[in-house]
Amino acid sequence: MIEEVSARTAVRATAIGAGAAVTAAIPLTFPADDGPTDLDSAVADPIADTLSPGLAEVLVAPSSGPVVLILLLAAFGWFALRRQWWRAVTMLVVPEVAVAINTWLLKPLWDRQLHDYLAYPSGHTVHLVAVATTFACLVPSLKARIKVAALTVLALISITPGMVELGYHHPTDALGGAAAAAAMAIGLCWLADLPRARTRG
């Protein structure tokens, strides 16, 4: 049992560290004018040649506020219907705390301007990935976690080109948003579980 807990702790700590490292490393590549990095240009140029604005609008739809809110409430309902109240409440709280941290701390910290707003890390990406990661952290089934992770990656592959084509974000904004969201959601779920872990111990 102790070995299992230690292994789970090591996995969580590694995931949080990796996400935080990626989030902090990406801004080191930003040019002085906050414009696109070499990676941004390499990704954006083919997108501009192949993607229409109409299709881009469709692709970004899963990251819109109403869609993410529906996903959040559905995940809450999943646990509430099973009377898993600690998981249900954690499901509601963690993604919103992650969005607040991103909005009030991370965005001002890196201060990447795009149009008239702070673009890094992408708030839409943070919200979507935080919801998915929180659900994956809370659901007991490994198979369900793998499915959620795969669907989230597919969603990001769809959403990112749409945001780039519409001029909402650079690709690195979305990459940093995904890394930050995963790190924050895993860390916050871990913190939320500590009182229960002590009780079980």
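Look above for the structure.
This is a predicted model, so every value here is computed, not measured. (Residues numbered from 1 in each chain as written. Predicted model: local features only at pLDDT ≥ 70, side-chain atom pairs only at ≥ 80, totals over all residues. Heavy atoms only, no water.)

Undergrad: How should I be thinking about the overall build of the protein chain in this particular structure?
TA: Each helix and strand in the protein chain was counted, giving eight helices and two strands. Tracing the protein chain from N to C terminus, the helices and strands come up as α-α-α-α-α-β-β-α-α-α. In terms of its C-alpha atoms, the protein chain occupies a principal-axis envelope of roughly 55 × 35 × 30 Å. Going through the 201 residues of the protein chain one by one, you find that 39% of them count as buried. (Helix = DSSP H or I, 4+ residues; strand = E, 2+ residues; numbered from the N terminus. Buried < 20%, exposed > 50% of the residue type's maximum accessible area, 1.4 Å probe, protein only.)

Undergrad: Explanation requested: unusual backbone geometry in the structure shown.
TA: Glycine aside, negative phi is the norm for most residues, and most peptide bonds take the trans geometry. Residue P121 follows Y120 across a cis peptide bond; omega there is -10°. Position of P121 relative to the elements: it lies in the loop between strand 2 (117-118) and helix 6 (123-138). You will see that R83, though not glycine, has its phi angle at about 60°, which is positive. Here D111, not a glycine, exhibits a phi torsion of approximately 50°, which is positive. Relative to the elements of secondary structure, D111 occurs in the loop between helix 5 (85-110) and strand 1 (113-114). With relative accessibility at 39%, the residue D111 sits in the partly exposed group.

Undergrad: Any chance you could explain the pattern of salt bridges here in plain terms?
TA: It is possible for side chains bearing opposite charge to pair when their charged atoms get close. The full count for this structure, using the stated rule, is three salt bridges. Residue D193 pairs with R12 through a salt bridge whose shortest N-O separation is 3.8 Å. Of this pair, D193 sits in helix 8 (residues 171-200) while R12 sits in helix 1 (residues 2-25); the two residues are 181 residues apart in sequence, bridging distant segments of the chain. With relative accessibility at 10%, the residue D193 sits in the buried group. Residue classification places R12 among the partly exposed residues on the basis of a relative accessible area of 22%. (Salt bridge = Lys/Arg side-chain N within 4 Å of Asp/Glu carboxyl O.)

Undergrad: Which parts of the structure should I look at to understand helix 6?
TA: One turn of an α-helix holds 3.6 residues; hence residues three or four places apart share an orientation. Between its terminal C-alpha atoms helix 6 stretches 22 Å, which fits the 22 Å expected from 16 residues at 1.5 Å a residue. Of all 16 residues making up helix 6, 13 are buried, and the element is well covered by its neighbours. (Expected span 1.5 Å × (residues − 1).)

Undergrad: Looking at this structure, how should I read the nonpolar core?
TA: Side chains of a nonpolar character, in soluble globular proteins, are inclined to be buried together. Of all hydrophobic cores here, the largest spans 23 residues; its most connected members are F79, M91 and F135. Listing elements by their share of this core, those giving two or more residues are helix 4 (65-81), helix 5, helix 6, helix 7 (142-165) and helix 8. (Core = buried A, V, L, I, M, F, W, Y, C linked by side-chain atoms within 4.5 Å.)

Undergrad: Please clarify how the packing of aromatic side chains should be interpreted in this entry.
TA: To describe a pair of aromatic rings, one takes the distance between the centres and the angle between the planes. Under the defined criterion, the tally for this structure stands at four aromatic pairs. Taken together, a centroid distance of 5.4 Å and an interplanar angle of 45° make the contact between F79 and F135 tilted. Linking F79 in helix 4 with F135 in helix 6, this pair joins segments that are 56 residues apart in sequence. F79 gets classed as buried once you look at its relative accessible area, which sits at 0%. When its relative accessible area of 14% is taken as the criterion, F135 is described as buried. (Phe/Tyr/Trp six-rings, centres within 6.5 Å; stacked < 30°, edge-to-face > 60°.)

Undergrad: Before we go on, may I ask you to explain helix 5 in this structure?
TA: With 26 residues, helix 5 ought to run about 38 Å at 1.5 Å a step, and its terminal C-alpha atoms sit 36 Å apart, in line with that. N102 marks the point of greatest bend in helix 5, at about 40°. Residues of helix 5 that are buried: A88, T90, M91, V94, P95, A98, N102, L106 and K107. At the exit of helix 5 stands D111, carrying a positive phi of roughly 50°. (Bend = angle between axes of the 7 residues up to and from the residue.)

Undergrad: Can you help me understand the environment of V153 in this one?
TA: One can find V153 in helix 7. Owing to a relative accessible area of 46%, V153 belongs among the partly exposed residues under this scheme. As for V153 and V129, which are separated by 24 residues in sequence, their C-alpha atoms are 9.1 Å apart.

Undergrad: When you look at the environment of T103 in this model, what are you seeing that I'm missing?
TA: Along the chain, T103 turns up in helix 5. For T103, a relative accessible area of 33% puts it in the partly exposed group.

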